[in-house]
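# Tertiary structure, described
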Amino acid sequence: MGVTEAIGDAPVNRYELEEAAPKPKAAQPSALPKKSAPPPRPVERRIDYVAMAKQMAAGAQDLDGLRAAMGAFEGCELKKGARNLVFADGNPAARMMIIGEAPGRDEDREGKPFVGRAGQLLDKMFDAIGMGRTAPLSKDAVYITNVLPWRPPQDRDPKPDEVDMLMPFVQRHVELVAPEVLVLMGNHACQAVLGKRGITRLRGQWGTALGRPALPMFHPAYLLRTPAAKREAWADLLDLQAKLKELA
């Protein structure tokens, strides 16, 4: 059979040895480490810039204080791209206060509202009824400001959140000046102060805003683009003049 040498004295049945051999135990799966829960995300605290603006505006005791408060307000991104804070122009003792929407390029450069082509037209309009921003007497004087004190990029329309956070300063501005009437120039001023849009429908219609009579009028920039609307603007100026005489 090919066996040339015997190792043991008795033969060994290899089949019996295989059956008796203990079967190796199946490897037990190692216990997987438990996944730890991810750390909680830090709660992002959002700053309420409207509340901040209200607090800062309420603390202003005069126009200089209000201007300083607006200059210190960091909630509006427009401030970063503007050259100057455009606060106001004219006589603070005026019986009438004009509220526009926002500064343009010329206003941003000079730091005064309504100094470009639209501002020149505005001066001519009120000069026609014997009023102006340089008039020494309060009965003839005009005081002018805007909803936004900083120029929006590319003169885009004001955004609702920008208006919301800056309106407390406008309200405080009106309280400190205490005009008898307000003139709201254009759609955006009407939206911010009256909560209404549609200047072609609103113009010439007296309403109440911030506790005072308010007259919506076409913005001078619109009149430059639409000269035919100057007739309605003239009618509004005469109505404004009559209102001031009535309140005198």
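Attention here is on the structure that accompanies the text. For clarity, every value in this text was computed on a predicted model and none was experimentally measured.

### So, the pattern of salt bridges
- Counting across every chain of the model gives 12 salt bridges.
- Among the salt bridges present, the one from Glu74 reaches Lys79, with a minimum N-O distance of 2.8 Å.
- When the shortest N-O distance is used, the salt bridge between Arg156 and Glu162 registers 2.6 Å.
- The class of Arg156 is partly exposed, set by a relative accessible area of 26%.
- Judged by relative accessible area, which is 7%, Glu162 ranks as buried.
- Members of the salt-bridge network, linked through shared partners, are Asp89, Asp123 and Arg133.

### With respect to the environment of Thr134
- With respect to the helices, strands and loops of the structure, Thr134 is situated in the loop between helix H6 (117-127) and strand E3 (142-146).
- A C-alpha to C-alpha distance of 9.1 Å links Thr134 and Asp89, two positions 45 residues apart in sequence.

### Thoughts on the packing of helix H2 (residues 49-58) against helix H7 (residues 160-177)
- One way to put it is that H2 packs onto H7 with a least axis distance of 8 Å and a crossing angle of 15°. When the axis of H2 is compared with that of H7, the two are roughly parallel. Helix-helix and strand crossings are classified by hand; for H2 and H7 the assignment is right-handed. In this structure, H2 uses Tyr49, Val50, Ala53, Lys54, Met56, Ala57 and Ala58 to contact H7, whose residues at the interface are Asp164, Met165, Pro168, Phe169 and Arg172.
- Each residue belonging to the contact of H2 with H7 can be placed in one class, and the counts come to nine nonpolar, no polar and three charged.

Rules of the game
- Counting restarts for each chain, with residues numbered from 1 along the sequence as it is written.
- It should be noted that, the model being predicted, local features are given only for residues of pLDDT at least 70 and side-chain atom pairs only at 80 or more, the latter also being counted only at that level, while totals for whole chains, interfaces and linings use all residues.
- The basis for every side-chain value is the complete set of heavy atoms in the structure, and neither hydrogens nor water enter the calculation.
- A carboxyl oxygen of Asp or Glu within 4 Å of a side-chain nitrogen of Lys or Arg is what we treat as a salt bridge.
- When a residue's accessible area, from a 1.4 Å probe over protein chains only, is under 20% of the maximum for its type it is buried; when over 50% it is exposed; and in between it is partly exposed.
- Under the scheme used here, helices are H or I runs from DSSP no shorter than 4 residues and strands are E runs no shorter than 2 residues, and both carry numbers assigned from the N terminus.
- With axes taken as lines fitted to C-alpha atoms, and helix axes fitted only over the stretch in contact, angles between N-to-C directions fall between 0 and 180 degrees.
- By definition in this entry, angles of less than 35 degrees are roughly parallel, angles greater than 145 are roughly antiparallel, angles of 65 to 115 are roughly perpendicular, and the rest are oblique.
- Left-handed describes a crossing in which the near helix is turned anticlockwise from the far one by less than a right angle; the clockwise case is right-handed.
- We call two residues contacting when some pair of their heavy atoms lies within 4.5 Å.
- Classes in brief: Ala, Val, Leu, Ile, Met, Phe, Trp, Tyr, Cys and Pro nonpolar; Asp, Glu, Lys and Arg charged; the others, Gly included, polar.

Read these as layout, nothing more, since geometry by itself doesn't imply function.
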